Amino acid sequence: MGGEAPEPRRLSRALSCGCGGVPEEALHLVLGYVDDPRDREAASLVCRGWHRIDALTRKHVTVGFCYAAEPARLRARFPRLESLAIKGKPRAAMYGLIPDDWGAYAAPWVAELAAPLECLKAVHLRRMTVTDDDIAVLVRARGHMLQVLKLDKCSGKECSGFSTDALRLVARSCRSLRTLFLEECQIIDKGSEWLHELAVNNSVLVTLNFYMTDLKVEPADLELLAKNCKSLISLKMSDCCDLSDLIGFFQTSKALQEFAGGSFNNEVGEYTKYEKVKFPPRLCFLGLTYMGRNEMPVIFPFSATLKKLDLQYTLLTTEDHCQIIAKCPNLLVLEVRNVIGDRGLEVVGDTCKKLRRLRIERGEEEPGEEEQGRVSQLGLTAVAVGCRELEYIAAYVSDITNGALESIGTFCKNLYDFRLVLLDREREITDLPLDNGVRALLRNCTKLRRFAFYLRPGGLSDVGLGYIGQYSGNIQYMLLGNVGESDQGLIHFAMGCTNLRKLELRSCCFSERALAIAVLQMPSLRYIWVQGYRASPTGRDLMLMARPFWNIEFAPPSLESSYQLTADGQPCVDSQAQVLAYYSLAGRRPDCPRWLVTLHPA
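Treat the numbers as computed from the prediction; the structure is a model and nothing was measured. (Residues numbered from 1 in each chain as written. Predicted model: local features only at pLDDT ≥ 70, side-chain atom pairs only at ≥ 80, totals over all residues. Heavy atoms only, no water.)

**Student:** Explanation requested: unusual backbone geometry in the structure shown.
**Tutor:** Negative phi values dominate among residues other than glycine, just as trans dominates among peptide bonds. Put simply, L432 and P433 share a cis peptide bond, and its omega is 0 degrees. Along the chain, the position of P433 falls in the loop between strand 14 (417-422) and helix 17 (435-444). With an omega of -5 degrees, the peptide bond running from H600 to P601 counts as cis. Following the sequence through the fold, P601 ends up in the segment after strand 21 (597-600). Positive phi is not limited to glycine here, since E184 has a value of about 60 degrees. Classification of E184 by relative accessible area gives partly exposed; the value is 37%. (Helix = DSSP H or I, 4+ residues; strand = E, 2+ residues; numbered from the N terminus. Buried < 20%, exposed > 50% of the residue type's maximum accessible area, 1.4 Å probe, protein only.)

The structure is reproduced here in structure tokens:
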């Protein structure tokens, strides 16, 4: 009968099978289909058997912060890794807020893991300090089977950063390489031979990206690469080649689906030189640099088939944006500067009904651009109403209202990532604080996992900060700037952030003591970076958050830099105190610069 207890002998036999009654062979197969790291983590905690099988079957690991773990410990835990991603410096490094000598050196990771991880074939380093020697060690150990090498926003140590010599070694040795990614890396250019070597030695390359670098290459080498690599589907390059010099490359790249970079170098009377440029038939992702009004017709013949359009580095006006976007009804991804203006965003809302991702970066504020390039609540509301499939919004705005945020919450139910920065262009903002708007957005966008809200003083009261905590139960990453009014607001916020793992705070009014207490209220927090708060000279009150496996690093403000500005009028990097605290199994980091104080562990 269904209600009878199982016979003791049958029950003991089931339990004796190991792994909680699941045969090991079956568990190996099942875990092979589990990719989510949090699901993997939960499975590994079931019992020792599951922990061991998870270790043997784990194919990919992302180290969210390079000082959170030891390379040797990772190697012992997951000996059969095929793919490894490591993140280094805090995100603030992308905005010049972290000194160049901060650390995040790739050398210990490469030296420890490259040779012992015999199955490793994909490496992704992000915001790490990389040298030629590091790349040489990796290539010597894994070059014969390396398929993916991503160096994302990586830099070098002063003048000894990695160079094209290392890229030439990669090109010669890694003949199975399918992806070479170098976007926004600081690379010492010693010649373009690396690309020629890549074209000669590789026949399987799928993705090549050296976008936003200073590398110079020859169009003939790109054409040779396209000829030998029939599977090349993505090329994002620097602006070293005029688009008219790439005609041969485009004719050869029959499989190309994505292209970004190049340049337009129009001389007076040469507007017809781009008429011969014909993009490959499958191209659907496009980003052209330095494109102006006269060059716009080059994309009109296939604009209706475009799925991604990057206009961030063009010379277009608001009206030009309107004209192009009106011809692109099938866009899934749009990246622009705020010169698009509210009028341009209204065209987006009317035309791009399938849009999934919208990024509006800050412009250079050139003469005339500020008047036409104003993004406000009007443009964001038009996008929210018209583009209801949006999953990602990142926008620099000149003005914003509670109503606009409520509209986003009402119509954009699929949002998983929302980031908004309120610029200081306008003397007065229409509707502050934004308490009710942020409450409506967070309460309705239940799929949100990443959230950034950088405002101006007075942009969010303690009540609004409390709303963020109350309605952000699923959010794992958060950046907040100029929010709240008091320490009590921060603590109230922290009490609601049960799943928050990473928090960044800038330009806030909170005390060290409140920061420490808030950290203790967030049980899932693994990482917090703060700049611009009520800091003490020694950071003594930060010790209130000290506990096992919790590192606290304090960068005191530099008195010499307090009254100095950079060339663009911004405060010097070290003029404000910074604190970084993070969960770590590696203990105290061994390579702290002298200006950084390790408060814990002592």
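There is more to say, and it comes next.
**Student:** Looking at this structure, how should I read a negative patch on the surface?
**Tutor:** On the surface, D189, E193, D214 and D239 cluster together into a patch of negative charge. Relative to the elements of secondary structure, E193 occurs in helix 9 (residues 193-201). (Patch = residues over 30% accessible without salt bridge, like charges linked within 9 Å, V, L, I, M, F, W, Y side chains within 5 Å. Areas by Shrake-Rupley, 256 points an atom, 1.4 Å probe, with all protein chains shown as cover. Salt bridge = Lys/Arg side-chain N within 4 Å of Asp/Glu carboxyl O. Lys, Arg positive; Asp, Glu negative; His and termini not counted. Charge placed at Lys NZ, Arg CZ, Asp CG, Glu CD.)

**Student:** Looking at this structure, how should I read the pattern of salt bridges?
**Tutor:** Side-chain pairing between opposite charges can occur once the charged atoms of the two side chains come close. By the definition in use, this model includes 25 salt bridges. A salt bridge links D242 to K273; the nearest nitrogen and oxygen atoms lie 3.9 Å apart. Remark: K273 occurs in the loop between strand 8 (258-261) and strand 9 (285-288) and D242 occurs in the loop between strand 7 (234-236) and helix 11 (247-252); sequence separation between them is 31 residues. A residue is classified by how much of its surface remains accessible, and D242, at 5% relative accessible area, is buried. Where R374 meets D399, a salt bridge forms, and the shortest distance between an N and an O atom there is 3.7 Å. Taken as a pair, R374 in the loop between helix 14 (369-372) and helix 15 (377-386) and D399 in the loop between strand 13 (392-397) and helix 16 (402-411) lie far apart in primary sequence, 25 residues in all. With a relative accessible area of 3%, D399 lands in the buried category.

**Student:** What exactly am I supposed to notice about the environment of S407 here?
**Tutor:** By secondary structure assignment, the location of S407 is in helix 16. Residues S407 and V383, spaced 24 residues apart in sequence, show a C-alpha to C-alpha distance of 9.5 Å. Not counting residues within four places of it along the chain, the set of residues in contact with S407 comprises T381, A384 and C412. (Contact = heavy atoms within 4.5 Å.)

**Student:** Teacher, can you tell me more about the environment of R450 here?
**Tutor:** Relative to the helices and strands, R450 is located in strand 15 (residues 450-454). Judged by relative accessible area, R450 falls into the partly exposed class, the value being 30%. Sequence-wise, R450 and L415 are 35 residues apart; in three dimensions their C-alpha atoms are separated by 9.4 Å. Not counting residues up to four positions away in its chain, the partners in contact with R450 are Y416, D417, F418, R419, I475 and Y477.

**Student:** Looking at this model, I keep getting lost on helix 13 (residues 341-351). Mind explaining?
**Tutor:** Along an α-helix, residues three or four positions apart point the same way, because every turn accommodates 3.6 residues. Counted residue by residue, helix 13 has eight buried out of eleven residues, so it is predominantly covered. Among all positions in helix 13, only G341, D342, G344, L345, V347, V348, G349 and T351 are buried.

**Student:** It is not clear to me how the side chain of Q377 should be interpreted in this structure. Could you clarify?
**Tutor:** As for its placement among the helices and strands, Q377 is situated in helix 15. Polar contacts involving the side chain of Q377 include one to the main-chain amide nitrogen of I400, which spans 3.3 Å. The contact partners of Q377, leaving out residues within four places of it in the chain, are D399, I400, T401, A404 and T430. (Polar contact = N/O pair within 3.5 Å; in protein donor to acceptor, adjacent residues only side chain to side chain.)

**Student:** Help me out: how do you make sense of the packing of helix 16 against helix 17 in this one?
**Tutor:** The relative placement of two packed helices comes down to the angle between their axes together with the axis-to-axis distance. As a packed pair, helix 16 and helix 17 sit with axes 7 Å apart at the nearest point and diverge in direction by 5 degrees. Regarding the angle of helix 16 to helix 17, the classification is roughly parallel. Here N402, L405, E406, I408, G409 and T410 of helix 16 come into contact with helix 17, specifically with D435, N436, G437, V438, A440, L441 and N444. Here the contact of helix 16 with helix 17 is composed, by residue class, of five nonpolar, six polar and two charged. (Axes fitted to C-alpha atoms, helices over the stretch in contact; angles between N-to-C directions. Parallel < 35°, antiparallel > 145°, perpendicular 65-115°, else oblique. Nonpolar A, V, L, I, M, F, W, Y, C, P; charged D, E, K, R; others polar.)

**Student:** Would you mind going over the packing of aromatic side chains with me for this structure?
**Tutor:** A ring pair, where both rings are aromatic, is described by two values, the distance of the centres and the angle of the planes. Following the criterion strictly, the structure yields 16 aromatic pairs and no others. An angle of 80 degrees between the planes, with centres 5.4 Å apart, marks the rings of F65 and Y527 as edge-to-face. Of this pair, F65 sits in the loop between strand 1 (60-63) and helix 5 (71-77) while Y527 sits in strand 18 (residues 527-531), placing them 462 residues apart in sequence. Given a relative accessible area of 6%, Y527 falls into the buried group. Seen from their ring centres, F264 and Y274 are 4.9 Å apart, and the 70 degrees between their planes marks the pair as edge-to-face. You can see F264 sitting in the loop between strand 8 and strand 9 and its partner Y274 sitting in the loop between strand 8 and strand 9, a full ten residues away along the chain. Note on F264: relative accessible area 8%, which makes it buried. You can call Y274 buried: its relative accessible area is 5%. Ring pairing ties together the aromatic residues F65, Y67, W102, Y527 and Y582, which thus form one cluster. (Phe/Tyr/Trp six-rings, centres within 6.5 Å; stacked < 30°, edge-to-face > 60°.)

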